[in-house]
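# Topology and contacts: notes
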Amino acid sequence: MSQNLALVLAGTALVPLLLGGLPIAFSLLAASLLYFVLAGADPSIVGSNMFWFLNKSELVAIPFFILAADLLGRSRATNDLVAAADLAFGRLAGGLALVTMVSTIVFSAIAGSSVATAIAIGRVMIPKLVEAGYPQRFAVGLVAAGGGLGILVPPSVPLIIYATVAEISVGDVFVAATGPGLMLGLVFCIFIMIFGGRARRRPPRTSRDEPAGRILLRALPVLGLPVVILGGIYGGWFTPTEAAAVAVGYSSVFAATLYRNEALSSSVETVAAAGRIAAAVLLIMAATGVVAYIVTENRIPYHVSGWIDASGLTPFQFLLAVNLLLIALGLFLEIISVILITLPIFLPVLAGLGIDPVHFAIIMVINMELAVITPPIGMNLFVISSISGVPIARVFRGTLPFIGLIAAMLLLCTYSEMAALWSLRLLG
């Protein structure tokens with residue numbers, strides 16, 4: 001059977017596998033094996049390609065950052081972070097909602113994951129927001145959308161994966177993403193202060209009238225972690241992979257001492273939970289690596305690039321089409337899968353059209369921010385629904401204003417390279 005026909009049949013078989021509920025990694029591997037069998041190729045290529053794809057030192061940072069976030073998320077660090085944010089911002093317009101968003105932005109710079117950020121902040125703040133009289137839909141939508149900053153504000157796992165596949169500097173991508181991440185967080189905060197409404201009752205003070213100095217002193221270590229991670233990378237003291245190991249050591253010390261609570265009674269359980277998440281991420285990466293091999297073997301990037309050259313698409317038109325495609329894929333596929341499947345196809349086209357791959361990284365990740373809060377696959381909707389007991393449809397309705405703000409930021413960063421890369425250019 002010809003390779004083209006085998007590719008079509010394998011791609012067709014992938015759809016019912018995904019819709020049938022088979023995990024994404026196993027669906028991709030099953031479709032890939034079917035392709036190799038139909039094309040008469042050696043199926044052992046699957047195993048060797050998975051090993052080759054994972055044999056990159058940069059990927060060691062993924063389980064380390066996940067573990068660091070889990071250590072702090074299970075400890076008292078989140079509560080102390082919220083108390084410090086309440087002390088600084090609790091009396092402004094929007095009060096407790098603004099505190100929630102500021103806490104989310106800071107925790108995003110620790111977690112590297114939208115789901116981890118949403119869970120850590122949501123467990124603490126959603127009950128407080130509802131108790132204070134904020135509409136339930138607003139409370140859950142705020143945390144679900146704010147959690148999406150976890151994949152844009154460094155250290156972001158999707159950004160590490162993007163830089164690894166594109167073979168560009170992780171540090172450059174981190175620096176570039178810091179600017180749009182802070183801009184979007186600021187936009188969220190302004191929206192909350194103007195349109196977020198007021199609590200119907202007096203919000204509970206998370207600081208419990210403790211001395212301000214004691215609150216800030218207790219929150220200082222968790223606030224210092226992003227400075228240590230990003231400052232170390234940007235200052236050239238260690239690589240992103242080494243920074244992840246430093247983050248684990250830093251988090252372990254403070255989680256076991258200053259922030260220790262009953263949730264951290266079993267360090268083995270914490271490490272095992274982080275390991276399960278990291279294993280799932282890396283298995284998806286390995287499976288999509290096989291798909292990327294098939295895509296490259298069939299010269300799909302070459303054909304796409306040739307078609308774009310022949311059709312005379314401008315960079316403006318190409319980026320518009322890419323945004324529409326990524327939004328559509330994000331409705332049905334997990335973030336990492338979207339990046340790993342599409343990026344090998346896009347990279348040759350970027351070079352031909354003169355689009356900076358670091359700029360394109362910002363575009364892709366902001367698209368994925370929309371993906372985590374849009375059904376049917378939006379992971380933040382599921383986790384917020386799970387921890388709050390609010391139906392997924394209601395959580396989604398609460399995110400709608402924030403979806404509009406993210407879409408506006410996406411357009412700005414897509415068509416203004418200065419807006420997307422200003423922090424990278426500022427630091428030279």
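One can find the structure itself at the top, above this paragraph.
Please read these numbers as outputs of a predicted model, since none were measured by experiment.

Glancing now at a nonpolar patch on the surface. A contiguous nonpolar patch, built from Leu186, Ile190, Met193, Ile194 and Phe195 and spanning about 520 Å² of accessible area, is present on the exposed surface. When you line up the elements, Ile190 lands in helix α10 (residues 170-195). Residue class for Ile190 comes out partly exposed when judged on its relative accessible area of 42%.

Size it by volume and the largest pocket reaches roughly 1,200 Å³. Along the wall of the largest pocket there are 48 residues; nearest its centre are Val115, Ile277, Val281, Glu334 and Met379. Residues that form the lining of the largest pocket fall into these classes: 37 nonpolar, seven polar and four charged.

Looking now at the side chain of Thr178. Note that Thr178 resides in helix α10. Among the polar contacts made by the side chain of Thr178, one reaches the main-chain carbonyl oxygen of Phe174 at a distance of 2.9 Å. Other than its neighbours up to four places away in sequence, Thr178 contacts Pro154, Tyr234 and Ser423.

Relative to the assigned elements, Ala83 resides in helix α5 (residues 77-89). It is 47 Å that separates the C-alpha atoms of Ala83 and Gly354, two residues lying 271 residues apart in sequence.

With that out of the way, let us pick up the packing of aromatic side chains. For the structure shown, the criterion picks out eight aromatic pairs. Between Phe188 and Phe402, the ring centres sit 5.3 Å apart and the planes meet at 90°, which makes this aromatic pair edge-to-face. Of the two residues, Phe188 sits in helix α10 while Phe402 sits in helix α19 (residues 392-415), which places them 214 residues apart along the sequence. Exposure class is identical for Phe188 and Phe402. Each is buried.

According to the stated counting rule, one finds two salt bridges in the structure shown. The salt bridge partner of Arg218 is Asp80, with a shortest N-O separation of 2.8 Å. Highlighted residues: Arg218 in helix α11 (residues 212-234) and Asp80 in helix α5, separated in sequence by 138 residues. Linking Arg425 and Glu417 is a salt bridge whose minimum nitrogen-to-oxygen distance equals 2.4 Å.

This brings us to α5. Spanning 13 residues, α5 covers 18 Å between terminal C-alpha atoms, matching the ideal 18 Å at 1.5 Å per step. Within α5, the full set of buried residues consists of Ala77, Thr78, Asp80, Leu81, Val82, Ala83, Ala84, Ala85 and Asp86. Residues of α5 that are buried sit in contact with α4 (61-74), α6 (95-111), α7 (114-131) and α11.

The topology assignment puts Leu381 in helix α18 (residues 379-388). For Leu381, a relative accessible area of 0% translates into the label buried. Between the C-alpha atoms of Leu381 and Gly21, which are 360 residues apart in sequence, the distance is 18 Å. Setting aside residues no more than four positions away along its own chain, Leu381 makes contact with Val372, Ile373, Thr374, Pro375, Ile392, Val395, Phe396 and Thr399.

We now examine the side chain of Thr414. Here Thr414 shows up in helix α19. Given the relative accessible area of 1%, Thr414 is considered buried. Here Leu410 takes part through its backbone oxygen, which lies 2.6 Å from a polar atom of the side chain of Thr414. Beyond its immediate stretch of four places on either side in the chain, Thr414 contacts Leu319, Asn323, His359 and Ile363.

Considering the arrangement of structural elements, one finds Pro391 in the loop between α18 and α19. Remark: the alpha-carbon pair of Pro391 and Arg137, spanning 254 residues in sequence, is separated by 9.9 Å.

Looking now at unusual backbone geometry. Backbone torsion omega between Pro154 and Pro155 reads 0°, so that peptide bond is classified as cis. Structurally, Pro155 is set in the loop between α8 (136-147) and α9 (157-166). If you check the backbone angles, Glu167 has positive phi at about 55° while not being a glycine. Among the structural elements, Glu167 can be located in the loop between α9 and α10.

Thresholds, definitions, all that
- Residues numbered from 1 in each chain as written.
- Predicted model: local features only at pLDDT ≥ 70, side-chain atom pairs only at ≥ 80, totals over all residues.
- Heavy atoms only, no water.
- Patch = residues over 30% accessible without salt bridge, like charges linked within 9 Å, V, L, I, M, F, W, Y side chains within 5 Å.
- Areas by Shrake-Rupley, 256 points an atom, 1.4 Å probe, with all protein chains shown as cover.
- Salt bridge = Lys/Arg side-chain N within 4 Å of Asp/Glu carboxyl O.
- Helix = DSSP H or I, 4+ residues; strand = E, 2+ residues; numbered from the N terminus.
- Buried < 20%, exposed > 50% of the residue type's maximum accessible area, 1.4 Å probe, protein only.
- 1 Å grid on protein atoms, 1.4 Å probe; cavity = no way out; pocket = protein on both sides within 12 Å on 5 of 7 lines; lining within 4 Å.
- Points joined across faces, edges and corners; volume = space filled by probe spheres on them.
- Nonpolar A, V, L, I, M, F, W, Y, C, P; charged D, E, K, R; others polar.
- Polar contact = N/O pair within 3.5 Å; in protein donor to acceptor, adjacent residues only side chain to side chain.
- Contact = heavy atoms within 4.5 Å.
- Phe/Tyr/Trp six-rings, centres within 6.5 Å; stacked < 30°, edge-to-face > 60°.
- Expected span 1.5 Å × (residues − 1).

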